[in-house]
Amino acid sequence: MKDNRSMFSKMNFLQPSSRRVAVLQRIFSKTYLVTPNEISRSFGVFGTKYAGEKLVKIGDISKVVKPAKNPQYVPLKYVEGESSQEILRHLRWMLQKDLLGQDMFLIGRPGPLRRLLAMQYLEITDRELEYVSLSRDTTEADLKQRREIKNGTAVYFDQSAVRAAVEGRILILEGIEKAERNVLPVLNNLLENREMHLEDGRFLMPAKRYDQLLKEHSQEELDCWKLVRVSENFRVIALGIPVPRYVGNPLDPPLRSRFQARDISGLTYKEQLEALRALVPGLEGARLSQLLSCAHALLTADAAALGLADFPADGLPAAARILENTPSLPDYDALYRLYPYKSFLSAEGQAAVENVLSTFQVLPRHSKSVSMNINNVIPKNGTAEVEITVERKSSVLQVPCGSLRENVVTNDFVPNVYQEKLLADLMLSHQFKDICVIGPRGCGKSATVSEFAKRLNYVVEPIVLYQDMTSRDLLQQRSTLLNGDTIWQNSPLVTAALEGKLAVLDGIHRIHPSTLAVVHRLVHDRELTLHDGSRLLRHDRYDDIKSSQNLTDNQLEEYGIFKIHPSFRIIALAEPPVQGSSLTQWLSPEMLSLFLYHEMRPLKPDEEMHLVKNLLGSANKAFEHVMRVAHRMRESDDPAVRALSSSLSTRQLLRIAKRMRAYPGDSPANAIYRACLARFLPALPRQALDKILLDEDLPLINAETSSPTCKVEGEKVTIGNTTVPRYKTDAKTKIPDIQFYDVPQHITALEWLLQDFFLGEHLLLIGNQGVGKNKLADRLLQLLNRPREYIQLHRDTTVQTLTLQPTVRDGVVVYEDSPLVQAVKLGHVLIVDEADKAPTHVTCILKTLVESGEMILSDGRRIVPLNHPQTPTNKGIIPIHPDFRMIVLANRPGFPFLGNDFFGALGDLFSCHAVDNPSAQSEHALLKQYGPDVPDEIIARLVRAFGELRNMADQGLVQYPYSTREVVNIVKHLQEFPNESLVNVVGNVFDFDTYSQEVQDTLTEVLQKNGIPLHVHTNKINLAKE
């Protein structure tokens, strides 16, 4: 590639931009304030001017720097090698602003470059750091002072802004656009006048004014007046991205006016190419040029005008190092890890990107995937030696690994060619950067990551993310000691960083972007500042401070400095962005800079059949029909059908195969209907599903044609054709004891529930109100003699209250186990009622409990599988009882229940059952048992009338779905008070609708047609009698 500009000119949509770039390059190459000779060295630190001081000179700008009081707080190892001219120009400008005493704002594209510049400046000038990552939940207390309880007394502790001002440090505020607009104005007076009033009564005062007062008054008087001197060395460096080009809050004008701005647009093509050549000397220069040309082409204004997200050019070193270690890997594969454009761009955007890639000969000419597999993994001393074959050429990689000597042996993972390739691909990325795996729900992301961790001896730290998660939930949480003192407890993510675990961030697509911003520095730099002031440093930086300052680990701990384990890695799991969705796409330019991305597709039919046969031994004909329908739905052109296919994920297909193997009589159509909750589908998707089943010649089987029975004989219970042993327990008081009348439809439903329950599945019962979900669940447990724990969710249920119940005893917050934890410990059945009423982000924490048997509690304890390696040694570990089960009850999604879509979020983790109102035959039999003395004619009228009203509700003609519960209450009333008028009794149900004339007219017509008068005039009663 002799002339890079000529290559740019070949692309139609990049020509105007290329001309502008060429003009700017000519300008900068001829005239600039700083000549190459002036800054030929990365920066100048020339000699010693005074004792203990040094002179820092960048170009023609110099400053005398005093040694830091606390050198352990000075950033290290950010300046490595020779800095580029562009970087030096930025550093020279920052030195100018520092000399003028002005605060700085570095603005530019998303990525770590702005933070890198700030850290380099601090390292060069030997300045101590205070760092704050801003998010939407940042408050005034996070910036100024936070109140803690110490020995029963409220004490104020200075936070980053105050510490920086008093100690003369540099305060870095990252993510200005993420903070709420009314939070940062608390810093305005500190920025403008170096003044601030603190919550503990002290007053920060500029150094000049303080020194004048000190000449007139004694130090004791100033201390008595609670005056505090703001150091003349205090500076603020803000880091932000331009809004509205990117998502965020625009700058508040008063705040903006207090900063001096600098556009950090990134390195030039030439400088970045030189840096990459120095980093990967073993990689061909032509391949580097191609990669870099693609990156810069996708960063032009013309590319942005087409709606293309910024290419994360800061990730190119990782891609280049991967290519150097595995030369047989195509450039396209390395580039796609950084920019998975097929996941987040429309067809038009994908075509534009591929036009760029083909221009620079990066786009492969054929669609054949690269062959790749792992030959051998030898973990030792924190590093694993991995032999990997890419396109028939072997390479040996050195990758980080965990310290778990004896991993848990499971037989759940069945490798196939595709997943082996994916594991090898993950291993390549694992060498240099954290990973994000994108794939549809239920395609096997969690299982693949678990296998990846197992091969590298990692302990997995599962962290379920949710929409309303805060930065405190992600990093540290408040707690109290036995004496009432408040403390901060590390989150699982921080624990994983300190102990070298593999942190799995499950559901990164759900979390708010500003919340995730607090871990950007952890991902990019392996550094983190916690809410309690502690600092986590990358292992080599920690070791440098320890050796250069001659400090011990205990001394560094006293300074609040901790070492991030070198084996620590993050793997994020996400579902692909929804094209055309009104919601903000989670895969933003800022997110692209964090990880190396890998897409995971659903398994193909032969791959899924291979999985089923290896796990279950065989698959019958009925399951083959189910498999064929599932893949036909996935490949459908109808978006509604493709969306519905997520209900038949690999996870759900395995569940169906397991059931059909144990109970061969199960109908394929019925199994598909249950998995998709077809009873509650909108009309069009249901018609499409019915058409597919009709084409496959899979009819629904009505189980009510038989007359199943239910009986308990000794230590066994038989429901229909299924017989299982009853449970033996001493917790007799927790076994439900309810009145339940057997009718054919309910007995059939109980048999289905019993079969899934006995296979070890967790159950999800979804239906309208009053159809008997609670009754069915309680009756099942009553027949099985199983003790029950019960928890009811609601709008205000939180993650904390779901797992623990906080109470205050003697002034101390004590956490008692919730019913969920008690059920896990004792092996009881947990019934979660009204699951659709709680926010989805709350119920999502059940995912890891159901899927892998793990959950982290609010007090730091952890629920783990019984065979977990940490179970015998760790007191904070709660092994899950093998008899633990969950039965979740929820109303169907949509109007009029207006709950959250629990089935949409977690449906494929459970064995799903739609609970409907009984058929006319079953409902008549049920009502007759509730009202044996009520005339059959009246019961028949009620059954017909309510059946018609339910059909109208399904068609949208009436809003309220009248249920069996209401008609049971009518019959109970007539049984107890036989002389009561039917007109008055049915009013107990329909008086709710009295004030809607339209509904009243509909009800009157339906009820009169079925011989039931409702609040009608005398002349209409005769018509009803007729």
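See the structure shown above.
These remarks concern the structure in this document.

Thresholds applied
- Residue numbers restart at each chain and count upward from 1, following the sequence in its written direction.
- Local features in this predicted model are restricted to residues whose pLDDT is 70 or higher, and side-chain atom pairs enter the listing and the counts only when it is 80 or higher, whereas totals over whole chains, interfaces and linings include all residues.
- Excluded from the side-chain calculation are hydrogens and water; included are all heavy atoms of the structure.
- Secondary structure elements follow DSSP: runs of H or I no shorter than four residues count as helices, runs of E no shorter than two count as strands, and numbering proceeds from the N terminus.
- The size measure is the radius of gyration over C-alpha atoms, and the globule rule it meets is 2.2 Å times the number of residues to the 0.38 power.
- Burial status follows relative accessibility: with a 1.4 Å probe on protein chains alone, a residue under 20% of its type maximum counts as buried, one over 50% as exposed, and anything between as partly exposed.
- Throughout, a residue-residue contact means that at least one pair of heavy atoms, one from each residue, lies within 4.5 Å.
- Surface exposure here means Shrake-Rupley accessible area, sampled with a 1.4 Å probe, where a residue is shielded only by the protein chains that are shown.
- His is not counted, nor are the chain ends; Lys and Arg add positive charge and Asp and Glu add negative charge.
- Every charge is mapped onto a representative atom, which is NZ of Lys, CZ of Arg, CG of Asp or CD of Glu.
- Note on geometry: axes are lines fitted to C-alpha atoms, helical ones only across the stretch in contact, with angles between N-to-C directions running from 0 to 180 degrees.
- We call two directions roughly parallel when the angle between them is under 35 degrees, roughly antiparallel when it is over 145, roughly perpendicular when it lies between 65 and 115, and oblique otherwise.
- A clockwise turn of the near helix away from the far one marks a right-handed crossing, whereas an anticlockwise turn of less than a right angle marks a left-handed crossing.
- Amino acids are sorted into nonpolar (Ala, Val, Leu, Ile, Met, Phe, Trp, Tyr, Cys and Pro), charged (Asp, Glu, Lys and Arg) and polar (every other residue, Gly among them).
- When a carboxyl oxygen of Asp or Glu lies within 4 Å of a side-chain nitrogen of Lys or Arg, that pair is called a salt bridge.
- Here is the rule: rings of Phe, Tyr and Trp (six-membered ring for Trp) pair when centre to centre is within 6.5 Å. Planes less than 30 degrees apart are stacked, more than 60 are edge-to-face, and the remainder are tilted.
- Both a distance and an angle decide whether a charge sits over a ring: NZ of Lys or CZ of Arg must be within 6 Å of the ring centre and within 35 degrees of the ring normal.
- Pairs of N or O atoms within 3.5 Å make up the polar contacts considered here, provided that, within protein, one atom can donate a hydrogen while the other can accept it, and that residues adjacent in sequence are counted only when both atoms are side-chain atoms.
- At least two DSSP bridges between two strands are needed for those strands to be called paired.
- Side-chain atoms within 4.5 Å are what join buried Ala, Val, Leu, Ile, Met, Phe, Trp, Tyr and Cys residues into a set we call a nonpolar core.
- When two cysteine sulfur atoms are found within 2.5 Å, that pair is recorded as a disulfide.

1. Remarks on the overall build of the chain
- For the chain, the helix and strand inventory stands at 45 helices and 39 strands.
- Taken over the C-alpha trace, the chain has a radius of gyration of 34 Å; the compact-globule value for 1026 residues is 31 Å, and the two agree within 12%.
- Along the three orthogonal principal directions, the C-alpha set of the chain runs to about 110 × 75 × 60 Å.
- Evaluated residue by residue, the chain yields a buried proportion of 55% over its 1026 residues.
- Once local pairs closer than 6 in sequence are excluded, the contacts in the chain between residues at least 24 apart make up 73%.
- About 45600 Å² of surface is accessible on the chain, with carbon and sulfur atoms providing 50% of the total.
- Side-chain charges in the chain split into 120 positive and 124 negative, and the spacing between the mean points of these groups amounts to 4 Å.

2. Focus on the packing of helix α28 (residues 621-634) against helix α32 (residues 683-695)
- One way to put it is that α28 packs onto α32 with a least axis distance of 11 Å and a crossing angle of 135°. Comparing the axis directions of α28 and α32 gives the class oblique. The hand of the α28/α32 crossing is right-handed. Across the interface between the two elements, Val629, Arg632 and Met633 of α28 pack against Leu689, Ile692, Leu693 and Asp695 of α32.
- Taken together, the residues of the contact of α28 with α32 break down into five nonpolar, no polar and two charged.

3. Things to note about the pattern of salt bridges
- Tallied over the full model, the rule gives 68 salt bridges.
- Linking Glu590 and Lys178 is a salt bridge whose minimum nitrogen-to-oxygen distance equals 2.7 Å. Residue Glu590 is located in helix α26 (residues 589-592), and its partner Lys178 is located in the loop between β8 (170-174) and α7 (188-193); the two are separated by 412 residues in the primary sequence.
- Classification of Glu590 as buried rests on a relative accessible area of 17%.
- With relative accessibility at 10%, the residue Lys178 sits in the buried group.
- Through salt bridges with shared partners, a single ionic network connects Arg441, Asp506, Arg651, Lys847, Glu851 and Asp908.

4. Here's the deal with the packing of aromatic side chains
- The final tally for this structure, using the stated rule, is 13 aromatic pairs.
- Between Tyr741 and Tyr930 the ring centres are 4.7 Å apart and the planes differ by 85°, which places this aromatic pair in the edge-to-face class. A residue pair is termed long-range when its members are at least 10 positions apart, and Tyr741 in the loop between β29 (722-725) and α33 (744-758) and Tyr930 in helix α40 (residues 920-930) qualify at 189 residues.
- Judged by its relative accessible area of 19%, Tyr741 is buried.
- Site record: aromatic cluster; members linked through ring pairs are Phe946, Tyr960, Tyr962 and Phe990.
- Taking NZ or CZ as reference, Arg786 lies 4.3 Å from the ring centre of Tyr727, over its face.

5. Some words on the side chain of Arg634
- Mapped onto the elements of the fold, Arg634 is located in helix α28.
- Take Arg634: its relative accessible area is 18%, and that puts it in the buried class.
- Among the polar contacts made by the side chain of Arg634, one reaches the main-chain carbonyl oxygen of Leu648 at a distance of 2.9 Å.
- Ignoring any residue separated from it by four or fewer positions in sequence, one finds Arg634 in contact with Pro602, Leu603, Glu608, Arg642, Ser645, Leu648, Ser649, Thr650 and Leu653.

6. As for the side chain of Asp993
- Along the chain, the position of Asp993 falls in the loop between α43 (982-990) and α44 (997-1009).
- A distance of 2.8 Å separates polar atoms of two side chains, one belonging to Asp993 and the other to Tyr962.
- Excluding residues that lie within four positions of it along the chain, Asp993 makes contacts with Tyr962, Val999, Gln1000 and Leu1003.

7. A few points about unusual backbone geometry
- Look at Lys77: it is not a glycine, yet its phi comes out positive at around 60°.
- With respect to the secondary-structure elements, Lys77 resides in the loop between β3 (61-65) and α3 (85-100).
- Although it is not a glycine, Glu834 sits at a positive phi angle of roughly 55°.
- Structurally, Glu834 is set in the loop between β34 (829-833) and α37 (840-843).

8. Observations regarding the pairing of β34
- Taking burial as the measure, the five residues of β34 include five buried ones, the bulk of the element.
- Covered by surrounding structure in β34 are Val829, Ile831 and Asp833 together with Leu830 and Val832, the residues of both alternating faces.
- Across five bridges, the pairing between strand β31 (residues 788-792) and β34 is parallel. Bridged to Tyr790 within β34 is Ile831.
- Bridging between β34 and strand β38 (residues 885-891) involves four bridges; their strand directions are parallel. Opposite Ile831, over in β38, you have Ile887 as the bridge partner.

9. Quick notes on the sheet that holds strand β14 (residues 372-380)
- Pairing in this open sheet of three strands is antiparallel, and the strands run β14-β15-β16 from one edge to the other. For this open sheet the edge positions go to β14 and β16 (393-400), each flanked by a neighbour on one side alone. The average undirected angle you get between the axes of adjacent strands in this sheet is 20°.
- In this structure, β14 lies alongside strand β15 (residues 383-390), joined through eight bridges in antiparallel fashion.

10. Quick notes on the packing of helix α31 (residues 668-676) against α32
- It is the contact of α31 with α32, at a shortest axis distance of 11 Å, that shows an interaxial angle of 160°. As far as their axial angle goes, α32 and α31 are roughly antiparallel. For the crossing formed where α31 meets α32, the hand is right-handed. On α32, the residues that touch Ala669, Ile672, Tyr673 and Cys676 of α31 are Arg686, Leu689, Asp690 and Leu693.
- Split into classes, the residues belonging to the contact of α31 with α32 amount to six nonpolar, no polar and two charged.

11. Considerations on the sheet that holds strand β36 (residues 862-864)
- With respect to topology, three strands assemble into an open sheet ordered β35-β36-β37, the strand pairing being mixed. What marks the edges here is a single partner per strand, and that holds for β35 (855-856) and β37 (877-879).
- Taken together, the three bridges between β36 and β37 define a ladder with parallel strand orientation. Bridge pairing in β37 places Ile863 opposite Ile878.
- Contacts between helix α36 (residues 819-826) and the sheet are confined to β35, β36 and β37, with β37 contributing the most and set at about 60° to the helix.

12. As for the environment of Leu909
- Among the structural elements, Leu909 can be located in the loop between α39 (902-906) and β39 (911-915).
- Between the C-alpha atom of Leu909 and that of Ser646, which follows or precedes it by 263 residues, the distance is 12 Å.
- In contact with Leu909, other than residues within four places in its own chain, are Arg651, Arg655, Lys847, Val850 and Glu851.

13. What to know about the environment of Ala384
- By the element assignment, Ala384 lies in strand β15.
- On the accessibility criterion, Ala384 (0% relative accessible area) is buried.
- Put simply, Ala384 and Asp544 are 160 residues apart on the chain and 24 Å apart in space, counted from C-alpha to C-alpha.
- Once residues lying within four places of it in the same chain are set aside, the contact partners of Ala384 are Val377, Ile378, Pro379, Leu397, Gln398, Val399, Cys401 and Leu456.

14. Description of the nonpolar core
- Core analysis: the biggest nonpolar cluster contains 149 residues, and Leu316, Tyr339, Leu493, Ile508, Leu820 and Met886 have the highest contact counts within it.
- Every residue in contact with Ile508, bar those within four places of it in the chain, is listed here: Cys436, Leu465, Leu516, Ala572, Leu573, Ala574, Trp586, Met591 and Phe595.

15. So, the state of the cysteines
- On inspection of all chains with the given rule, the structure shows zero disulfides.
- Free of any disulfide, Cys436 has its nearest neighbouring cysteine sulfur in Cys443, separated by 12 Å.
- Using a relative accessible area of 0% as the deciding quantity, one classes Cys436 as buried.

16. Notes on the environment of Val808
- Position of Val808 relative to the elements: it lies in strand β32 (residues 804-809).
- Exposure remark for Val808: the relative accessible area of 61% places this residue in the exposed category.
- Spatially, the C-alpha atom of Val808 lies 50 Å from that of Asn984, the residues being 176 residues apart in sequence.

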